[in-house]
Amino acid sequence: MQRRFLVYVVIIVCVFISALGQPPTPTYAGFTVYLTFDDGPYPGRTEAVLNVLQKYGVKATFFVNGGRIARGPHTYATVQRVMRDGHRLGNHLWLHFNDIMFTAKPSTEKMVDQFNQTEHMIQEALGTELWQQYNSQPKIFRWPGGSPFPMPGMPNVISYNWHATSGMNPTVQHAINNVLYGLPEAHEYGVYAWGDGAIVLFHDTVPNTALALPAIIENLRAHGATFGVLPRPGDQPGTVIAELGGVPPCAHQPGNCFKENQIGVLPPK
């Protein structure tokens, strides 16, 4: 009896020692991801994205260009649907003009003018009831091309960059891999490297965006993700969220941001 007891004790001690030598298993249970879409509304393609989000019950954020809204009544219906489906609208200025990129050092007057023009188009597209709903929410903004600086002259606006991106015009599989895993060798990181609070950039003007979304949503959900709309809890007006070219905490642990060390699996091609 005593010998059997000693055997049990030895087994327990060995298991305990072994556990001490193992790295902690990462857990992503309950982490929130923020899907965002730039440059719309685009006829047909934005609707395709909205259809996928509706199918999966996912809410997202759309940073819209005033110049695209102004192209016709069909774009008004798309902007209205964004709001009615429970998504968020953000201001992405008029269009991607080179003279308003932060590298061109545009004047505060020019930026505020483009911001206000876009707000006017959002108001015209939404109509009174939906505009009141939009206008009661915190104002969110993304500088075309991204920027290390917040929206100038607008201290009540929260500015957003992104952590992970599908890329400018990727294949479907590249979009999936870029978002989930990135390319750590090139210092580009995916959602699984960033974890909770990751902001993902897509373009709803790109046809492969809607095609890649189902696999991305299914993969993230299978590993505990939920999806939210901006602003994230704690994001403050007058600040810029997410550093361009930022590095997630995992990068400080050699090799930890690489695919083989991340939770999740590559979706099938």
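Residues numbered from 1 in each chain as written. Predicted model: local features only at pLDDT ≥ 70, side-chain atom pairs only at ≥ 80, totals over all residues. Heavy atoms only, no water.

Asks: Help me understand the overall build of the chain, please; the structure alone is not making it clear to me.
Replies: Scanning the chain from terminus to terminus reveals 8 helices and 11 strands. Taken across its 269 residues, the chain has 49% of its residues classed as buried. Across the chain, the fraction of contacts at a sequence separation of at least 24, relative to all contacts at a separation of at least 6, is 78%. Surface accessibility of the chain: about 13500 Å² in total, with carbon and sulfur atoms responsible for 58%. (Helix = DSSP H or I, 4+ residues; strand = E, 2+ residues; numbered from the N terminus. Buried < 20%, exposed > 50% of the residue type's maximum accessible area, 1.4 Å probe, protein only. Contact = heavy atoms within 4.5 Å. Areas by Shrake-Rupley, 256 points an atom, 1.4 Å probe, with all protein chains shown as cover.)

Asks: It is not clear to me how the packing of aromatic side chains should be interpreted in this structure. Could you clarify?
Replies: Each aromatic ring pair is summarised here by two numbers: the centre-to-centre distance and the angle between the ring planes. Counted under the stated rule, the structure contains 9 aromatic pairs. Ring geometry for Phe31 against Tyr192: centres 6.4 Å apart, planes inclined by 45°, an arrangement best described as tilted. With a gap of 161 residues between them, Phe31 in the loop between α1 (2-20) and β1 (32-40) and Tyr192 in helix α7 (residues 191-194) connect regions that are remote in the sequence. Here Tyr192 falls in the buried class, since its relative accessible area comes to 1%. Relative to Phe62, the ring of Phe37 has its centre 5.0 Å away and its plane inclined at 20°; by these criteria the two rings are stacked. Linking Phe37 in strand β1 with Phe62 in strand β2 (residues 61-64), this pair joins segments that are 25 residues apart in sequence. Residue Phe37 shares its accessibility class with Phe62, and that shared class is buried. One aromatic cluster in this structure is built from Phe102, Phe115, Phe141, Trp143 and Phe149. (Phe/Tyr/Trp six-rings, centres within 6.5 Å; stacked < 30°, edge-to-face > 60°.)

Asks: Sorry if this is basic, but what is going on with the nonpolar core here?
Replies: For soluble globular proteins, nonpolar side chains are generally found buried alongside one another. Among the nonpolar cores identified, the biggest contains 50 residues, and Leu35, Leu53, Phe62, Leu89 and Leu220 are the most heavily contacted of them. It is helix α5 (residues 108-135) that contributes the most residues to this core, 7 residues altogether. Apart from residues no more than four positions distant in its own chain, Leu220 is found in contact with Phe31, Val33, Leu180, Val191, Tyr192, Ala225 and Phe227. Grouped together as the second largest cluster of nonpolar side chains are 10 residues, Ile158, Tyr160, Leu230 and Ile241 included. (Core = buried A, V, L, I, M, F, W, Y, C linked by side-chain atoms within 4.5 Å.)

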